[in-house]
Amino acid sequence: MSEIRKEAACRNAFTQELLKQAREDKRIIALTSDATGSVSLGDFSRELPGQFVEVGIAEQNLVGISAGLASTGKKPFACGPASFLAARSFEQVKVDVAYSGMNVKLIGVSGGVSYGALGESHYSVQDLASMRAIANMTVLLPADAVQTAALTRELVSFEGPVYMRMGRGKVPCVYEGREHFEIGKAYCLKEGTDLTLIAAGEMVDKVREAARELEEAGIKARVLDMFTIKPLDEEAVIRAARETGAILTVEEHSVCGGLGGAVAQTAAEHCPVPMRILGLPSEVLVGGSSGEIHRHYGLCPSNIVKEAKKLVERK
């Protein structure tokens with residue numbers, strides 16, 4: 001069993017693993033934009049101050065400095081709230097990092113609607129769409145702390161620009177630590193023949209729970225953790241479409257251009273099947289805790305089960 005507790009915050013798992021790797025690799029530099037607490041970089045900054053940069057509330061500078069460090073052979077991890085990192089510094093991400101091919105890892109924390117009551121200005125529900133549209137950019141969305149730590153280890157040696165987004169609070173651990181995750185490949189949590197449920201991030205645990213309820217109702221759902229949004233595992237999507245005949249995607253992101261959009265594009269081009277995209281509507285969203293917001297918009301096991309049954313009936 002992993003050292004990480006059965007319920008843990010992805011941001012803590014990220015910083016713990018990054019600190020572990022940075023002790024051995026002095027090229028690793030952690031940078032943040034006045035978000036040391038939000039990213040949980042306190043231990044890192046105290047133990048390795050020479051490998052830590054605080055730029056203040058200046059996300060554009062955060063990305064630009066990271067690109068400069070990467071050009072000298074360093075391995076910068078630029079960390080900050082996803083809502084600001086992905087939006088305020090979009091031009092620098094696009095030009096300084098991605099188009100220039102810089103080896104920068106962009107780490108967006110408190111993603112989706114993690115900031116809850118702070119409202120729309122602090123939500124990051126368009127970031128997957130914008131980041132996957134940038135050439136050379138790899139986009140990751142880990143499901144839990146175990147997978148976050150594993151992907152962080154992978155990113156230390158992974159060459160090229162990456163955007164990895166995670167939530168803020170503790171989430172149930174989907175994985176145990178014995179699994180192997182390959183960037184660009186979906187992880188199959190459950191086989192099934194009646195339809196395929198595809199999720200990423202915190203929605204993976206909700207989809208897994210929904211699949212158990214569907215099983216009790218006699219519906220065998222395949223469950224795919226599509227933690228790599230880009231490059232999408234098109235082979236897994238096509239195989240799911242052909243073998244199960246229906247696909248339901250679930251994401252803590254706008255229904256426009258995120259995981260569902262990527263899956264739908266692949267399915268439409270190669271094997272069109274009945275499909276449903278569950279996500280956040282393209283409108284000004286309500287405030288509240290992340291759990292309340294998820295339930296309000298149907299990002300919960302009960303509604304996933306309901307929509308899955310409807311989808312199976314369409315086959």
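Data block above holds the structure.
My aim in this report is to walk through the structure given alongside it, one point at a time. Position labels on residues start from 1 in each chain and follow its written sequence. Reporting in this predicted model follows two pLDDT cut-offs: at least 70 for local features of residues, and 80 or more for side-chain atom pairs to be given and counted; totals over whole chains, interfaces and linings ignore these cut-offs and use all residues. The basis for the side-chain values is all heavy atoms of the structure; hydrogens and waters are excluded.

Comments concerning the overall build of the chain
Part 1: Tallying secondary structure elements over the chain gives 13 helices and 14 strands in all.
Part 2: Each radius of gyration is computed over the set of C-alpha atoms, and the globule rule expresses the reference value as 2.2 Å times the number of residues to the power 0.38. Against the globule reference of 20 Å for 315 residues, the chain gives a C-alpha radius of gyration of 19 Å, in line with a compact fold.
Part 3: Each principal axis of the C-alpha distribution contributes one length, and for the chain these read about 60 × 40 × 35 Å.
Part 4: Categorising residues by exposure relies on relative accessible area from a 1.4 Å probe, with only protein chains included: less than 20% of the type maximum marks a residue as buried, more than 50% marks it as exposed, and the intermediate range marks it as partly exposed. Buried residues in the chain amount to 58% of all 315 residues.
Part 5: Any two residues having at least one pair of non-hydrogen atoms within 4.5 Å are treated as being in contact. Residue pairs in contact within the chain that sit at least 24 positions apart in sequence constitute 78% of those at least 6 positions apart.
Part 6: For accessible areas, the Shrake-Rupley method is used with a probe of radius 1.4 Å. Any residue's cover is judged against the shown protein chains and nothing else. Of the roughly 12,500 Å² of accessible surface on the chain, a fraction of 47% belongs to carbon and sulfur atoms. Numbered from the N terminus, helices here are DSSP runs of H or I no shorter than four residues, and strands are runs of E no shorter than two.

A short note on the pattern of salt bridges
Part 1: What makes a salt bridge here is a side-chain nitrogen of Lys or Arg within 4 Å of a carboxyl oxygen of Asp or Glu, nothing more. All chains considered together, the criterion is met by 17 salt bridges.
Part 2: Across the salt bridge formed by Glu243 and Arg222, the nearest N and O atoms sit 2.7 Å from each other. A residue pair is termed long-range when its members are at least 10 positions apart, and Glu243 in helix 10 (residues 234–244) and Arg222 in strand 11 (residues 221–225) qualify at 21 residues.
Part 3: With a closest N to O distance of 3.4 Å, Arg239 and Glu235 form a salt bridge. With Arg239 and Glu235 both in helix 10 and 4 residues apart, this pair spans about one turn of that helix.
Part 4: Salt bridges linked by common partners bring Asp25, Arg27 and Lys75 together as one network.

Quick look at the layout of surface pockets
Any space left empty among the atoms is revealed by the rolling of a water-sized probe across them.
Part 1: Grid points spaced at 1 Å and placed over the protein atoms alone form the basis of the search, with a cavity being a set where a 1.4 Å probe fits but cannot get out and a pocket an open set showing protein on both sides within 12 Å along at least five of seven lines. Lining residues have an atom within 4 Å of a point. Grid points are joined across faces, edges and corners, and a volume is the space filled by probe spheres set on the points. Reported here for the second largest pocket is a volume of approximately 210 Å³.
Part 2: Forming the boundary of the second largest pocket are 14 residues, of which Lys170, Val171, Glu202, Ser290 and His294 lie nearest the centre.
Part 3: Elements supplying a minimum of two residues to the lining of the second largest pocket: strand 8 (170–172), helix 9 (203–216) and helix 12 (290–296).
Part 4: Split by residue class, the lining of the second largest pocket holds 3 nonpolar, 5 polar and 6 charged. Three categories are distinguished: nonpolar for Ala, Val, Leu, Ile, Met, Phe, Trp, Tyr, Cys and Pro, charged for Asp, Glu, Lys and Arg, and polar for the others, with Gly belonging to the last.

Points about helix 6 (residues 90–99)
Every α-helix carries 3.6 residues per turn, so stepping three or four residues along brings you back to the same face.
Part 1: Where helix 6 is concerned, the buried positions are Gln92, Val93, Val97 and Ala98. The buried residues of helix 6 all sit within an arc of 145° when viewed along its axis, so they share a single face.
Part 2: Check the buried side of helix 6 and you find it contacts helix 4 (59–71), helix 5 (82–85), strand 5 (105–109) and helix 7 (127–132).
Part 3: In the segment just after helix 6, Gly101 is the residue with positive phi, at about 65°. The arc under discussion is defined with respect to the helix axis, by the directions toward the C-beta atoms.

Comments concerning the sheet that holds strand 10 (residues 195–199)
Part 1: Paired strands, as defined in this entry, are two strands with at least two bridges between them according to DSSP. Read from one edge to the other, the open sheet built from 5 strands follows the order 9-11-10-13-14, with strand pairing classed as mixed. Either end of the sheet is taken by a strand with one partner, and the two such strands are strand 9 (187–190) and strand 14 (275–280). Averaged over all pairs of adjacent strands, the angle between their axes in this sheet comes to 25°, without regard to strand direction.
Part 2: Examined bridge by bridge, strand 9 and strand 11 share 3 bridges and lie antiparallel to one another. The residue bridging Lys190 from the neighbouring strand is Val223, located in strand 11.
Part 3: Here helix 10 sits on the sheet in contact with strand 10, strand 11 and strand 13 (247–254), set at roughly 175° to strand 11. A fitted line through C-alpha atoms represents every axis, and for helices the fit uses only the stretch in contact; the resulting angles, taken between N-to-C directions, go from 0 to 180 degrees.

What about empty space enclosed by the protein?
Part 1: Counting across every chain of the model gives 1 cavity of 30 Å³ or more.
Part 2: Around the largest cavity, the lining residues are Gly111, Gly112, Leu141, Pro142, Arg165, Met166, Gly167, Ala200, Gly201, Glu202, Met203 and Glu252.
Part 3: Residue classes in the lining of the largest cavity are distributed as 5 nonpolar, 4 polar and 3 charged.

Considerations on the packing of aromatic side chains
Part 1: Aromatic rings from Phe, Tyr and Trp, with only the six-membered ring used for Trp, were paired whenever their centres fell within 6.5 Å, and each pair was classed as stacked if the ring planes differed by under 30 degrees, edge-to-face if by over 60, and tilted otherwise. Tallied over the full model, the rule gives 5 aromatic pairs.
Part 2: Plain terms: the ring middles of Tyr175 and Phe181 are 4.7 Å apart, the flat faces sit at 75° to each other, and that makes the pair edge-to-face.
Part 3: What makes Tyr175 buried here is its relative accessible area of 2%.
Part 4: The buried category is assigned to Phe181, whose relative accessible area is 6%.
Part 5: Considering the side-chain rings of Phe181 and Tyr187, the 5.4 Å spacing of their centres and the 55° angle between planes classify their relative orientation as tilted.
Part 6: Residue classification places Tyr187 among the partly exposed residues on the basis of a relative accessible area of 24%.
Part 7: Among the aromatic residues, those joined into a cluster by ring pairs are Tyr175, Phe181, Tyr187 and Phe227.
Part 8: In our convention, an over-ring charge means Lys NZ or Arg CZ found within 6 Å of a ring centre and within 35 degrees of that ring's normal. A cation sits over an aromatic face here: Arg88 above Phe84, 4.2 Å from the ring centre.

Function cannot be read off these values alone, since they describe shape.
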